[in-house]
Amino acid sequence: MTDRLQAPAFPAEVERQLEGASPCEIALGVLTYNNATTVPTVVEVVRTGLERHFAGIPAVLINADAGSSDATPDLLAAAGLPLVRARHETPLAQRIAVPFHGVPGRGAALRLTFAVARRLGARALVLLEADVTSAGAEWLRHLLRPVLEQKADLVVPVYARHRYDGTLTNLVLAPLVRALFGRRLHQPLAGAAALSARLLDRLLDDPRWPAPGQNQTDLWIEATAIVDGFAVWEAWLGRRRAESRTRTADLPTMVAQAVGGLFAVMGRYDDLWLEIRGSEPVPATDAPVIPSVEPVALDVDRMVDAFRRGLRDLGAIWEHILAPETLGDVLSLDTASPARLAFPDELWARVVYDFALGYHYNVVYRDHLLRSLVPLYLGRTAAFVVATRDRDAGAAEAHLDAVGAAFERHKRYLVERWR
Amino acid sequence: MSRRLTARDWYKDAVFYEVHVKAFMDGNGDGVGDFVGLTERLDYLAELGVDCLWVLPMYASPLRDDGYDIADFYAVHPAYGTLEEFQKFLDAAHARDLRVITDLVMNHTSDQHPWFQASRSDPTGPYADYYVWSGTNRRYADARVIFVDAEASNWTWDPRRNAYYLHRFFSHQPDLNYDNPAVRRRMLDVMRFWLDRGLDGFRCDAVPYLVEREGTSCENLPETHAVLKEFRAVIDREYGGDRVLLAEANQWPEDVRAYFGDGDEFHMAFHFPLMPRLYLALRLEERRPIVDIYTHTPPIPPACQWGLFLRNHDELTLEMVTNEERAFMYYAYAQDPEMKLNLGIRRRLAPLLDNDGRRIELLNSLLLTLPGSPIVYYGDEIGMGDNVYLGDRDGVRTPMQWSRDRNAGFSTAEEGQLYLPVIADPVYGYQAVNVAAQARQPASLLNTMKRLIAARRTSPVFGRGTIEFLRPRNQKVLACLRRYGRETVLIVANLSGAPQPAELDLGEFAGIRPVEILGGTVFPPIQVTPYLVSVGPHGFYWFRLERPGDADEPYGIESTAI
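Cut-offs used in this document
- Residues numbered from 1 in each chain as written.
- Chains lettered and ligands numbered in written order.
- Predicted model: local features only at pLDDT ≥ 70, side-chain atom pairs only at ≥ 80, totals over all residues.
- Heavy atoms only, no water.
- Helix = DSSP H or I, 4+ residues; strand = E, 2+ residues; numbered from the N terminus.
- Buried < 20%, exposed > 50% of the residue type's maximum accessible area, 1.4 Å probe, protein only.
- Contact = heavy atoms within 4.5 Å.
- Areas by Shrake-Rupley, 256 points an atom, 1.4 Å probe, with all protein chains shown as cover.
- Pairing = 2+ DSSP bridges.
- Axes fitted to C-alpha atoms, helices over the stretch in contact; angles between N-to-C directions.
- Expected span 1.5 Å × (residues − 1).
- Phe/Tyr/Trp six-rings, centres within 6.5 Å; stacked < 30°, edge-to-face > 60°.
- pLDDT = per-residue confidence, 0-100.

1. Concerning the overall build of chain A
Assigned secondary structure in chain A consists of 18 helices and nine strands. Taking all 419 residues of chain A together, 61% fall into the buried category. When contacts within chain A are restricted to residue pairs at least 6 apart in sequence, long-range pairs at least 24 apart make up 81% of them. Of the roughly 15900 Å² of accessible surface on chain A, 51% is carried by carbon and sulfur atoms.

Listed below in structure tokens is the structure:
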């Protein structure tokens, strides 16, 4: 029996729209869910971006909507572009508690969008986030040009950030992606992206499209692109500011969803990473933007308190997840003084690998496992801030690079324990 | 080295364990404990959960004062092993995340020490001024005699030098002359010798007496503090600031306070007056003695710490109580005259408390929760007994009781070869009280101690927090709040042998559900009205008070974490 999936049969309503649609070279995908207050910004970016940089090139806007109850889909029509509207199936749980990326059923929405784009003959698809209000017309150029003109297959944005933005990305996701797939992607879950027709075909043709509801799709796309030799690029964009009333802001939920998504990808697609050694940087369209370092309101003491509470309360769970030596080393960390908290990179790599292994072997209920990572992540984040707050942006970058290098160096630890 | 307690002020969170090499484990079967044996038993100490071992004097010595009469600062007493075996012990301890400090007797040496032999033989030689010599025994007449049961004077005539020498302790322990810069240099060299081997610090014996001045008590003099500050500065400079100096200054807290300086003298000092007051409070069944002594305990610099203990290798000293209190203590705890020594009571913890498990656990609970770093005396974690019929303080220095095997599992030597007989009475004897048996009983004192120490390790509030006594009307109940950062712990202890209710004013914590730390039980929420608790006979609670909203405050990274 094969689990190969047929290219999705479009819903009748979408099929009707496609029958009358003209072919396009550029497809612009916008995944929405109750984003009426912010989609006008997206419309403006699409309109001005195409006018300014891709004038005369046939384009179509694809809106995959998760069942908005506001006027989101209607507002997108104001872009003045051919528009394909596609409602997609959304897991009920994700409509009640919207995931960190803001789109219930994001995987299904992506698949539908990809299929529409190829049906219309698009050479490139750019995905834009419906609740990002800081996007500019230049973003379209940065994302699409490498695909249209430089044979890039996947362009992932790197947003200009503060050095303490994206701590989960910087301390967990990016180091893990670097070690697993051998590419130093800065922001693996950046939300936006541009994809080539070649890559879209490859993905649509893949029999192992991720199951819905597990937040795996973006990471699976990146992993597939990297491992299959597609040209993966990064585009340095400006600041990303999202205005969402629906995305979860609950840290444990975010950690569980994002890290759980990556762990799930590791489990389902271990053929994509078990053999990979080392890593390479990713080509970029522009020069990197130095992270900003202005003071921000971080409560390191509270992070350390949470870490201490974890040490105090979660030992029984961690005993199942962490290797005895890892647990011993974690319990030995000196948390008495937040100002001196240190969390060695090698230990942090082993912690994350042990959690990945625990998830893989299902040693405890997976949601509990993922949530019990939170105090450790807060402790590691506090240690990162403590180590770099009196130093410049370069020191923070170097610190994070060392974290990634440690994950890479200790990948053998993970591989040897993975069956 | 340990990743736990790696902060420079690690001693503030540590639980110390006082151990005598000769008493812990005999590794070579000669009847005397040694470093080989102690090394074998490090796993036991690591499992107990202590962080730092305080090793009583292990230097070459005629042992007329159990090693506090040092004859060679650079050598291990042959009965305890070799320098190499000491080094192996130290490395093995460090490998188990255990730190080690040793006793260092700074005030005096043995009269067998080569310095003293040279000093008495040659009044003009290089060692002539290493000790305090006088043609009369009337100098420093205001200095008290400390060992009143053994010495009549602080001076002893030396016929070889034809002069008196000063000794604040036994006459075979001549006082070093710290006015002599050479003595200070030599003592620093001694410290360097051991610190270079990785030792984590010293428990400095009898520090108030280093310098003498006419017309004073010759205790706590500014000149003594100057010497000690000089030593501290050198050690900090040369060893990176994480070695600890613990002062033995048997003084009132306001006098001991000076030994912390401005955080530039001792890191730690024993809180001597607290110990008798814990026993007093228990006998009187009221909290006043404990609350009072804290009222009279001055604040200390942030990097400093009190050392707390219930019992140690000396007598339970009653120097720091009033005459009335002393009389009561003798009545309550030492009705047999054999139990008294100097101004104290030479008994171990369990016999002092009539082997009453509840009271033993209660005092240990107080030891682990009052402000300071607790020091457990070897054997008290299993409730070992004593033998008051042995001389001096030997009754509390008997072999550790490991099992019901011959010699309590301490040694394979013939019984008569042991340095002291094991405790063999029906109540405290090794066949009834030993590690092996208690390890197998979940509710044994040993396992209770492990649980208490482990609970203490879960939070820095115990070692670093402030203390604030609550004032419930029921005087038999001691209740205090310990706060550090966002953490607050409420300690409640019933000092009486009957169940007691207490109404606690916890209005500021209204809405919080106290969580009892040792059992994890969630108690009913606190209201603005007084919080009623009932505590069983000699029972105690350690409550964690956490506000329900605590977890909802932002860390500042949520909106950008991904």
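2. Description of the sheet that holds strand β7 (residues 155-158) of chain B
Residues and elements named next belong to chain B. Taking strand neighbours across the sheet as the criterion, the three strands line up as β6-β8-β7 in an open arrangement whose pairing is antiparallel. The sheet is open, and its two edges are formed by β6 (133-134) and β7, each paired on a single side. Note that β7 and strand β8 (residues 163-166) share four bridges and pair antiparallel. In the sheet register, W155 faces β8, and the bridge partner there is L166.

3. Notes on the sheet that holds strand β10 (residues 244-247) of chain B
Residues and elements named next belong to chain B. The strand order β1-β2-β5-β9-β10-β11-β12-β16 describes a closed barrel built from eight strands, whose pairing is parallel. Each adjacent strand pair in this sheet contributes to an overall mean axis angle of 25°, direction not counted. Judged from the four bridges that link them, strand β1 (residues 16-19) and strand β2 (residues 52-55) form a sheet pairing that is parallel. Residue F16 lies in a different strand from β2, and its bridge partner there is C52. Its contacts with the sheet place helix α13 (residues 357-369) against β12 (305-309) and β16 (373-377), and it is angled at close to 140° to β16.

4. Some details on helix α14 (residues 345-361) of chain A
All names here are of chain A. In this model, α14 (17 residues) spans 24 Å end to end at C-alpha, consistent with the 24 Å of a helix rising 1.5 Å per residue. Of all 17 residues that make up α14, 13 are buried, and the element is covered over most of its length. After α14 finishes, the residue N362 shows a positive phi value of roughly 55°.

5. With respect to the packing of aromatic side chains
Scanning the entire structure with this criterion turns up 50 aromatic pairs over all chains. On the basis of an interplanar angle of 80° and a centroid distance of 5.9 Å, the ring pair of F114 of chain A and W209 of chain A is categorised as edge-to-face. In this pair, F114 of chain A sits in helix α5 (residues 106-119) while W209 of chain A sits in the loop between α8 (197-204) and α9 (217-227), placing the two residues 95 residues apart along the sequence. A single burial state applies to F114 of chain A and to W209 of chain A, both of which are buried. Seen in terms of ring centroids, Y353 of chain A and F407 of chain A are 5.5 Å apart; in terms of plane orientation they differ by 65°. Their pairing is edge-to-face. One end of the pair, Y353 of chain A, is in helix α14; the other, F407 of chain A, is in helix α17 (residues 393-409), with 54 residues separating them in the sequence. Across this residue pair, the class does not change: Y353 of chain A and F407 of chain A are buried. Within the aromatic cluster, the residues linked to one another by ring pairs are F35, Y59, F73, Y74, F86, F89, W115, Y127, Y130, F193 and W194 of chain B.

6. Thoughts on the confidence of the model for chain B
Considering every residue of chain B, the mean pLDDT works out to 92; 96% of them sit at 70 or more. Predicted complex, confidence summary: ipTM 0.83, pTM 0.66.

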